[in-house]
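As a plain string of letters, each chain reads:
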Amino acid sequence: MTAEKRYIVLAVLALAVIGGLGFFVSNPVLYSLEQSVFSSRFHDNIEALTQQTWNSTTDVLPLEQDLIGYSGPVVLNIRIHDIDDARRDLELFSQSNLRLDGLIVTLDMNQSEIQELSQSSAQQRELLQSLLNSSISLNALQDLEIQYRDQNNQGGLVAVQLQGDALRKKIASLYTQYQAETKIITEISEKQGLDVSSQEESLKEFDAYVKDINASQAEPAQRQVTVPIYTSAQLSFMSYPGTGMYGDSIACSGYFFTMFGYLSYGTPGEQVTVYLDNTPVSSVTTDAIGSFDLQVPIDRIPAGTHSLHAESGLTRSDSRSLTVAPVGSVTNLTVSNATPGGDVSCTGSVIANKPVSFAPVELIWDGSHMTGTTTDANGGFSTTLRLPNGPHTVVARFSGEGYPIHPSESMPQVVDVSIQYLPILPTLPLLLIVTILLVAGIVTLSAGGAWYYLRRMSGRRGPGSPAAPSPGMTEPAGSPEAALTDSVSFLGERPGGPAGAGTVPESLFARYAHILQDGDLSAAARVVYLGLSERIAQDLHIQRHTSLTPRELSQACTKKPYCGPFSSFVHVYERVRYGGCRSATVQTEFEAGMKDTATLLEGEDH
Amino acid sequence: MKTIKAAFWVVGIVLLMAALILTAHLTSNNLDFSRYNTNWNGTSQFFSDLDRHHTEMILDRTQLAPYQNNALLLIIAPERSPTGAEITAYQAFLDRGNTIVLADDFGTGGEILRRIGSRITILGGNLSSIDREYADPYTIVVYPAGNASPVENCGALIMDRAAPLDGGEPLMMTSILSWVDTNGDRRIDANEEMGQFPVISAEAISRGRIVVISDPSIFINSMQDFGGTWGNQCLINNLVNYQGTVLIDQMNSRTQDTEGMSGIFHVIRTQFILEVLFFGFLVLIAAWMWRKKIL
């Protein structure tokens, strides 16, 4: 079978295989990404799914159990008036709720019973927070009632009693809501096998607390005093505790009501503003029974006694006193080493009983220069000073002005600044100079590289554009090029031969004839071609002529007298070398071309 | 000429590789549960790992007749309604004290159970759980609820789109934080309640026993490589290494499915005369090519 036929058979086979595969291009079974993820109603490809690193039940159930366990202790603490523990438990309750919420988002369970449980727990927590606030207010009212009774302040007594009634109603309402949320939580928890004893306990304690406060209200019949009849709106106001320090919160509550005869009506939806020393500090709206409560933080309030009261429209409550006790503070400062430019980084903090946030801090260096900065929400500050050469002392100072905090000052920090200059460029710091030198170096290197590249390229000659030797350019005897010429003498020995060689190089024809004796026309032809091509490349000033094909070399020698014979020579040479032609006719033709080319090349030399 | 010869050999090797790939392509398929499907959703690995001396393929109901007391019939993913004769054969198989293991979720397994008189039912919907091995609620983790055969000592398993079961004695159940995804949105909705659902249940019928696995996907190739992390391999081992003969239903199972060229190759492989003719034809082609110096 001839080569052509074999190629045809192979081509047909290849086309058949490709055609066979072509039927499955739209739905390949092997090696397709779709194969790994295509949908099936029976299963999903787990190899294409991302593995999870957590075990969900062991994460979720303990968290849920933890969450539903807080309500019991909170209600118990409220009932026994342990306010601090109740607050701490509520804070833990809140954190637990947040953790569960985070997991619900991670698990994409926002419509599940877990989410329902979390929502009900959050609602339960808010109800307990309200219960705590109401409980605090109720306790304060009882103290105030004793005080008014001692003072025989009938108006104050009525206001206190009415506010107490409102608070009891509010607590009863909270209990009703709490029962509903607890029922939801208990049902879900029981279904998931969780322990709900804490929920049941909280409900019992809440119920007992409601009964306690109602019983205490019903006790003394002698509390019924002469009741003045008002027809205008009244605003009662309570604050607790009466003393505080920086960072504390004062719980304020009250009752907005109107009396008609002996009946009082709470006024819902009224805007109430709380004033500290006649400066408004916070606002709130009364709820459905006319009561309100809010927190006033002790922040930038000078130490001493202040007045708190509430107003709603033209109605103003009685004033309550608030004593703010001063606390000490500590100011810290850390100074970094100076940069070569003289910049010094100063960081620190101001801490009283709590971090002092958004407070002004002065940075004083050398006792005479001052820069101001402000603390952040966490009481920290950070700023940069640019200092001149030499040693400096830096201190941070918190003046405490306007705060119930004593002033403080950090320990002095010493920093030695040594700005580095070059003698010839005294105004530029070292870093800038180094940068300039670096850029200059890069530019110089780039320019040098470009110059070298262009210079190198200018010496090259393409195969299609042989460079003519420049006028007057000669090859000195004994130069490398001349020696090369000598070494490739192809017609016979050159007069004068290579100096010092002591031997006469074999002529190209002689080498051709010598190799041909072995019957290898192809190898002999190769030797002749190499000799001729080297000579022609030398004539045309072509470097690396061996990278050119014979045909490219023949195309490069146009305008030279030997170019025609050389082209013919190349044609025959290719037939001998690559076409496998070895006949006597071809050999004769080759030798003729060889001689013609060589003769004309000799003529060029002379 | 040396270059031409080298090119010839290179082309020949490329063609040979292409032919091999084409053959692999044509002899495989992508049908769910097919034993001839080497992809992730086939059961080729399960079938290739079977002990030939201990296992028999049931191609006809009459093959069930000889087995007494101690055989196990595995029905994986039945796809059509069984005939009355097949149901009778299944019932007789149970009456003789044997065991049937039915693995099905959305096929006709429910009908088979009902007609052979089982109280176990396969309910609708994809079981989902937050106890999952992969980021997909259908790849649920299920936990032992009993230690009877075939789940003894296996621990938790992974299932892939299982269905909930009702009735019988639960052997494997989901965690409490699981639900049935009725609308297929892969997330829990307000009307989808959480709870524990059986996924493997067993029941005694007559003198025999039936075990229902609500997810035949435990037999597919992609579910075979959990190593020791999960008990899937343990369950498979318990089934195929059953103390008696293991019979695999090929009358009514998606595992026997083939299509297109895969079906033709399957027929050639299973019919001895056709196999001889086919390979004889291949030898003739090779001889002709050799003579023509193509090879």
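None of the values given here were measured: they were computed from a predicted structure.

Rules behind the numbers
- Residues numbered from 1 in each chain as written.
- Chains lettered and ligands numbered in written order.
- Predicted model: local features only at pLDDT ≥ 70, side-chain atom pairs only at ≥ 80, totals over all residues.
- Helix = DSSP H or I, 4+ residues; strand = E, 2+ residues; numbered from the N terminus.
- Buried ≥ 20, exposed ≤ 12 C-beta atoms within 10 Å, placed from the backbone.
- Contact = placed C-beta atoms within 7 Å.
- Axes fitted to C-alpha atoms, helices over the stretch in contact; angles between N-to-C directions.
- Parallel < 35°, antiparallel > 145°, perpendicular 65-115°, else oblique.
- Left-handed = near helix turned anticlockwise from the far one by under 90°.
- Nonpolar A, V, L, I, M, F, W, Y, C, P; charged D, E, K, R; others polar.
- Expected span 1.5 Å × (residues − 1).
- pLDDT = per-residue confidence, 0-100.
- Pairing = 2+ DSSP bridges.

Moving on: the overall build of chain B. From N to C terminus, chain B includes 7 helices and 14 strands. Burial status across chain B gives 42% buried among its 295 residues. Intrachain contacts of chain B at a sequence separation of at least 6 include 73% that bridge at least 24 residues.

Quick look at the overall build of chain A now. On a plain count of helices and strands, chain A comes out with 15 helices and 20 strands. Expressed as a percentage of contacts within chain A between residues at least 6 apart in sequence, the contacts between residues at least 24 apart total 60%.

Residues and elements named next belong to chain A. Across the interface, helix 4 (residues 71-79) lies against helix 5 (residues 83-107) with an axial gap of 8 Å and an inter-helix angle of 160°. Between helix 4 and helix 5, the angle falls in the class roughly antiparallel. The handedness of the crossing between helix 4 and helix 5 comes out as left-handed. Along the contact surface, helix 4 presents P73, V74, N77 and I78, while helix 5 presents D85, A86, D89, L90 and F93. The residue inventory of the contact of helix 4 with helix 5, partitioned by class, reads 6 nonpolar, 1 polar and 2 charged.

Helix length check: helix 7 (residues 154-191) of chain A, at 38 residues, gives a terminal C-alpha distance of 55 Å against a target of 56 Å (1.5 Å per residue), a fit within 8%. Just downstream of helix 7 of chain A lies G193 of chain A, where phi reads positive at about 75°.

Attention now moves to the confidence of the model for chain B. Mean pLDDT over chain B stands at 89; residues scoring 70 or higher make up 98%. Model confidence for the complex is summarised by a pTM of 0.54, with the ipTM given as 0.77.

Moving on to the interface of chain B and chain A. If you look at the interface, chain B gives 44 residues, while chain A gives 39 residues. For the side of chain B that touches chain A, the element with the most residues is helix 1 (residues 2-27) of chain B, which contributes 9 residues. The residue inventory of the side of chain B that touches chain A, partitioned by class, reads 22 nonpolar, 10 polar and 12 charged.

This brings us to the environment of M411 of chain A. For M411 of chain A, the location among the structural elements is in the loop between strand 17 (408-409) and strand 18 (413-417). For the pair M411 of chain A and N332 of chain A, spaced 79 residues apart in sequence, the C-alpha separation works out to 7.3 Å.

A few words now on the pairing of strand 14 (residues 369-374) of chain A. Residue and element names in this part refer to chain A. Along strand 14, only 0 of the 6 residues are buried, which leaves the element largely exposed. Direction of pairing for strand 13 (residues 360-365) relative to strand 14: antiparallel, over a ladder of 6 bridges. In the strand pairing of strand 14, P360 is matched with T374.

What follows concerns the packing of helix 6 (residues 260-270) of chain B against helix 7 (residues 272-291) of chain B. Residues and elements named next belong to chain B. As a packed pair, helix 6 and helix 7 sit with axes 5 Å apart at the nearest point and diverge in direction by 105°. When the interaxial angle is binned, helix 6 and helix 7 end up roughly perpendicular. Of helix 7, the residues touching helix 6 (which contributes V267, I268 and R269) are L274, E275 and F278. Within the contact of helix 6 with helix 7, the residues separate by chemical class into 4 nonpolar, no polar and 2 charged.

It is worth spelling out the environment of P144 of chain B at this point. Residue and element names in this part refer to chain B. Relative to the elements of secondary structure, P144 occurs in strand 6 (residues 139-144). Judged by the 19 C-beta atoms lying within 10 Å of it, P144 falls in the partly exposed class. Sequence-wise, P144 and A156 are 12 residues apart; in three dimensions their C-alpha atoms are separated by 6.3 Å. Residues in contact with P144, not counting those within four places in the same chain, are V151, C154, G155 and M172.

Another aspect to go through is the sheet that holds strand 2 (residues 72-76) of chain B. Residues and elements named next belong to chain B. With respect to topology, 9 strands assemble into an open sheet ordered 1-14-2-3-13-12-9-6-7, the strand pairing being mixed. Each of the sheet's edge strands pairs with one partner strand only, and the pair in question is strand 1 (55-58) and strand 7 (157-160). Each adjacent strand pair in this sheet contributes to an overall mean axis angle of 25°, direction not counted. For strand 9 (residues 169-174) and strand 12 (residues 198-205), the ladder comprises 4 bridges, and the chain directions are antiparallel. Its bridge partner being in strand 12, M173 is matched across the sheet by P198.

Our focus in this paragraph is helix 7 of chain B. Taking 1.5 Å per residue, 20 residues should reach 28 Å; helix 7 of chain B reaches 29 Å between its end C-alpha atoms and fits that length. Of all 20 residues that make up helix 7 of chain B, 0 are buried, and the element is exposed over most of its length.

Moving on, we get to the sheet that holds strand 11 (residues 330-335) of chain A. All names here are of chain A. Ordered by their spatial adjacency, 3 strands build an open sheet running 11-12-15, and the pairing between neighbours is antiparallel. At either margin of the open sheet sits one strand with a lone partner, and together these are strand 11 and strand 15 (380-386). Going across the sheet, the axis of each strand differs from the next one's by a mean of 20°, ignoring polarity. With 6 bridges joining them, strand 11 and strand 12 (residues 343-351) adopt antiparallel strand pairing. When the sheet's bridge partners are listed, V335 is paired in strand 12 with C346.

Now for the confidence of the model for chain A. With 81% of its residues at a pLDDT of at least 70, chain A reaches an overall mean of 80. By mean pLDDT, helix 10 (residues 480-487) of chain A is the weakest element of chain A at 37, and strand 17 of chain A is the strongest at 93.

Cis geometry is found at the peptide bond from Y240 of chain A to P241 of chain A, where omega equals -5°. Examined against the element boundaries, P241 of chain A turns out to sit in the loop between strand 1 (233-240) and strand 2 (243-244). Cis peptide bonds are those with omega within 30 degrees of zero, and the linkage from S149 of chain B to P150 of chain B qualifies with 10°. Positive phi, normally seen in glycine, also occurs at N278 of chain A, with a value near 65°. Secondary-structure assignment places N278 of chain A in the loop between strand 5 (271-276) and strand 6 (279-285).

Let us look at the environment of T186 of chain A. Residues and elements named next belong to chain A. With respect to the element layout, T186 can be found in helix 7. Counting along the chain gives 12 residues from T186 to S198, while the straight-line C-alpha distance between them is 9.8 Å. Those residues in contact with T186 that sit more than four places away from it in its chain are V196 and Q199.

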